[in-house]
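# Summary of the model geometry
The chain contents come next:
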Amino acid sequence: MSYEPVIGLEVHSELLTESKIFCACSAKFGAEPNENTCPVCLGMPGVLPVLNRRVVEFTIRTGLATNCAIAPVSRWARKNYFYPDLPKGYQISQYELPICTGGFIDIERENGVKRIGLTRIHMEEDTGKNIHDAHGDASLVDFNRCGVPLMEIVSEPDMRSPAEAGAYLRKLRSILRYLEVCDGNMEEGSFRCDANVSVRPSGTETFGTKVEIKNMNSFRAVEKALEYEIERQQRVLSEGGTLEQETRLWDPDREVTRSMRSKEYAHDYRYFPDPDLLPLEVPNEWVDEIRAGLPELPESRRDRFVAQYGLPAYDADVLTARKDLADYFETAIRTHANPKAISNWIMTEILRVVRERKLDALLVIESWPLPAEHLGRLVKLVDDGVISGKIAKTVFEEMLRTGGEPERIVEEKGLTQVSDDSAILAVIDTVLAQQSEKVTQFRNGKEKLFGFFVGQVMKATQGKASPEKVNALLRSRLQG
Ligand SMILES: [Zn+2]
């Protein structure tokens, strides 16, 4: 029997606000343990939460960008459970009336676009962090993260393979980064994903028993954990066993999932409306104002790059995955309008250096390996025939090293392309005279030696000869 996997994802993303959701403490990552705390986020008796307006704004922005309906009235709820990193004994979240519902995200697959539904997006506060094994037998707790604002983004169970789950996550992260609401850093935990996965016999509609997987801190880990879990569930069922609804942890070292606890149900949390916070009312005018301020999103920008610049879909996809990268590209082509050549330089050279310098971990890259205008001018030098494509690589390396301007480097290093026929012919004649034996072989039919002669001439001119000219002149000399 063959099985079909059914996957839904829950993403927790930390919002990039200055302060926490219900107090004025800093929400920044990386402070000394327990430095960013106050009576409110430590859950002292008698304190009252005050809602951070920015959190609501960022969540509405996300809801609008993912085609959700924004609720005019939503409600805060207490999710009750005990854990040492949760000093109040409950987490303030949203339950029966979330702020955003019913959106979708489109992902690109080989056979076209697939739409993944969003059940809801709600706001909540993050918990602290328990630290084990760092201090002998004692476990420590750091409350800095307590009260850092989170958005929980819950998808419909619309994904049918680990690859679709990966595509959905990448798309979602790209949108959040365009909106500048979350830095999407999975390693630091500001973009965390839990997956619900079940399998069912192919062709049936009823959902199987679902298992929740936690502890995956990269896109690759999510895909691997899902692959493993789908395999495991299929094996259990095909051997006649039954599955249990449970939470399982991904073990990245052994690359297996293992049972953590039986799944808790919503009623275990005894949700009830938080009596300290009023229902949240969002006026229409505010939603309109936020909508008007939305940036162009990756999907429409990609489509525009294809239509306006004639780029292949692949190039447009890579260039628009990040807002700053798409901006960089558009600045470069305003300097010199050769979109495909500039796209090639960005995808090979610029992104290589970006990865080497680990700039891709930044939410916004401000210091690029070289200014976009300089890249545009470098490509212009090639297109104008001033330098060859090969020499352009040398100029590029020099620009990286010194930060110098392309024209100046070409001039100072004497790299201008030689396209004067008589100068090139003189070199060709010298080369052919030195290689008389090979010339005879060529004339006797060893055609593939042609490339060798081209190489020798280019070498003798230190790569400065125009390759088209060399080809044409060599051809006429050898046939002459
Ligand atoms: Zn605080």
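Here, the structure is the one placed above.
I will try to describe carefully the structure that is included in this document. These numbers were taken from a predicted model, which means no experiment stands behind them. (Residues numbered from 1 in each chain as written. Predicted model: local features only at pLDDT ≥ 70, side-chain atom pairs only at ≥ 80, totals over all residues. Heavy atoms only, no water.)

### Concerning the environment of Gly 112
Tracing the chain through its elements places Gly 112 in strand S7 (residues 112-125). In this structure, the C-alpha to C-alpha distance between Gly 112 and Glu 124, residues 12 residues apart in sequence, is 35 Å. (Helix = DSSP H or I, 4+ residues; strand = E, 2+ residues; numbered from the N terminus.)

### Considering the coordination of the zinc ion
With distances of 2.3 to 2.4 Å, the protein atoms coordinating the zinc ion are Cys 23 (SG), Cys 25 (SG), Cys 38 (SG) and Cys 41 (SG). Metal-centred angles of 100 to 113° between the 4 donor atoms at the zinc ion mark the site as tetrahedral. Read from N- to C-terminus, the donor residues coordinating the zinc ion fall into the pattern C-x1-C-x12-C-x2-C. One end of the pair, Cys 25, is in the loop between strand S1 (3-14) and helix H1 (53-65); the other, Cys 41, is in the loop between S1 and H1, and 16 residues separate them in sequence. Exposure class is identical for Cys 25 and Cys 41. Each is buried. (Donors = N, O, S within 2.8 Å, 3.2 Å for Na, K, Ca; no water. Tetrahedral: all angles 85-135°; square planar, octahedral: opposite > 155°, others 65-115°. Buried < 20%, exposed > 50% of the residue type's maximum accessible area, 1.4 Å probe, protein only.)

### Some remarks on the sheet that holds strand S15 (residues 272-273)
Here we have 3 strands laid out as an open sheet, ordered S5-S4-S15, and antiparallel in their pairing. For this open sheet the edge positions go to strand S5 (90-93) and S15, each flanked by a neighbour on one side alone. Where strand S4 (residues 77-80) and S5 come together, 4 bridges link them in antiparallel fashion. Among the inter-strand pairings, Lys 79 is bridged to a residue of S5, identified as Gln 91. (Pairing = 2+ DSSP bridges.)

### Quick notes on the pairing of strand S10 (residues 149-155)
Of all 7 residues making up S10, 7 are buried, and the element is well covered by its neighbours. Taking every second residue as pointing to the same face, both faces of S10 are buried, with Pro 149, Met 151, Ile 153 and Ser 155 on one and Leu 150, Glu 152 and Val 154 on the other. Of the strand pairs in this sheet, S1 and S10 are connected by 5 bridges, and their pairing is antiparallel. Bridge assignment links Glu 14 to a residue of S10, and that residue is Leu 150. Where S7 lies against S10, 7 bridges are found, and the strand directions are antiparallel.

### What about the packing of aromatic side chains?
The tally for this structure, following the rule as stated, stands at 13 aromatic pairs. Arranged with centres 5.3 Å apart and planes meeting at 70°, the rings of Phe 305 and Tyr 309 form a pair that is edge-to-face. A residue pair is termed a helical-turn pair when its members lie 3 or 4 positions apart in one helix, as Phe 305 and Tyr 309 do in helix H5 (residues 298-309) at 4 residues. In this structure Tyr 309 comes out as buried when scored by relative accessible area, which is 17%. Members of the aromatic cluster, each reached through a chain of ring pairs, are Tyr 81, Tyr 95, Tyr 269 and Tyr 271. The cationic tip of Lys 79 hangs over the ring face of Tyr 269; the distance from NZ or CZ to the ring centre is 4.4 Å. A cation sits over an aromatic face here: Lys 393 above Trp 345, 5.2 Å from the ring centre. (Phe/Tyr/Trp six-rings, centres within 6.5 Å; stacked < 30°, edge-to-face > 60°. Lys NZ or Arg CZ within 6 Å of the ring centre and 35° of its normal.)

### Quick look at the packing of helix H2 (residues 162-178) against helix H3 (residues 219-238)
Where H2 contacts H3, the axes come no closer than 9 Å and their chain directions differ by 155°. Comparing the axis directions of H2 and H3 gives the class roughly antiparallel. Note that H2 runs across H3; the crossing there is right-handed. Across from Pro 162, Ala 163, Ala 165, Gly 166, Leu 169, Arg 170 and Arg 173 in H2, the residues of H3 making contact are Phe 219, Val 222, Glu 223, Leu 226, Glu 227 and Ile 230. For the contact of H2 with H3, the per-class residue count stands at 8 nonpolar, 1 polar and 4 charged. (Axes fitted to C-alpha atoms, helices over the stretch in contact; angles between N-to-C directions. Parallel < 35°, antiparallel > 145°, perpendicular 65-115°, else oblique. Left-handed = near helix turned anticlockwise from the far one by under 90°. Contact = heavy atoms within 4.5 Å. Nonpolar A, V, L, I, M, F, W, Y, C, P; charged D, E, K, R; others polar.)

### Observations regarding the nonpolar core
Judged by nonpolar contacts, the single largest core of 101 residues is most densely connected at Ile 60, Tyr 168 and Ile 346. With 9 residues, helix H8 (residues 339-356) is the single largest residue contributor to this core. Ignoring any residue separated from it by four or fewer positions in sequence, one finds Tyr 168 in contact with Leu 9, Ile 105, Ile 107, Ile 116, Leu 118, Ile 153, Ser 155 and Met 159. (Core = buried A, V, L, I, M, F, W, Y, C linked by side-chain atoms within 4.5 Å.)

### Some thoughts on the side chain of Glu 10
Relative to the helices and strands, Glu 10 resides in strand S1. Within the local environment of Glu 10, its side chain forms a polar contact with the side chain of Asn 196, the two groups lying 3.4 Å apart. Among residues more than four places away in sequence, those in contact with Glu 10 are Glu 152, Ile 153, Val 154, Arg 192, Cys 193, Asp 194, Asn 196 and Glu 212. (Polar contact = N/O pair within 3.5 Å; in protein donor to acceptor, adjacent residues only side chain to side chain.)

### Some words on the sheet that holds strand S6 (residues 100-109)
Overall, mixed pairing links the 9 strands, which are arranged S2-S6-S7-S10-S1-S11-S12-S13-S14 in an open sheet. Lying at the two open borders of the sheet, with one neighbouring strand each, are strand S2 (69-70) and strand S14 (256-262). Where strand S12 (residues 211-216) meets strand S13 (residues 246-251), 4 bridges bridge the pair, whose relative direction is parallel. Its bridge partner being in S13, Lys 214 is matched across the sheet by Leu 249. With respect to the sheet, H2 is in contact with S1, S6, S7, S10 and strand S11 (191-201), its orientation differing from that of S6 by roughly 115°.

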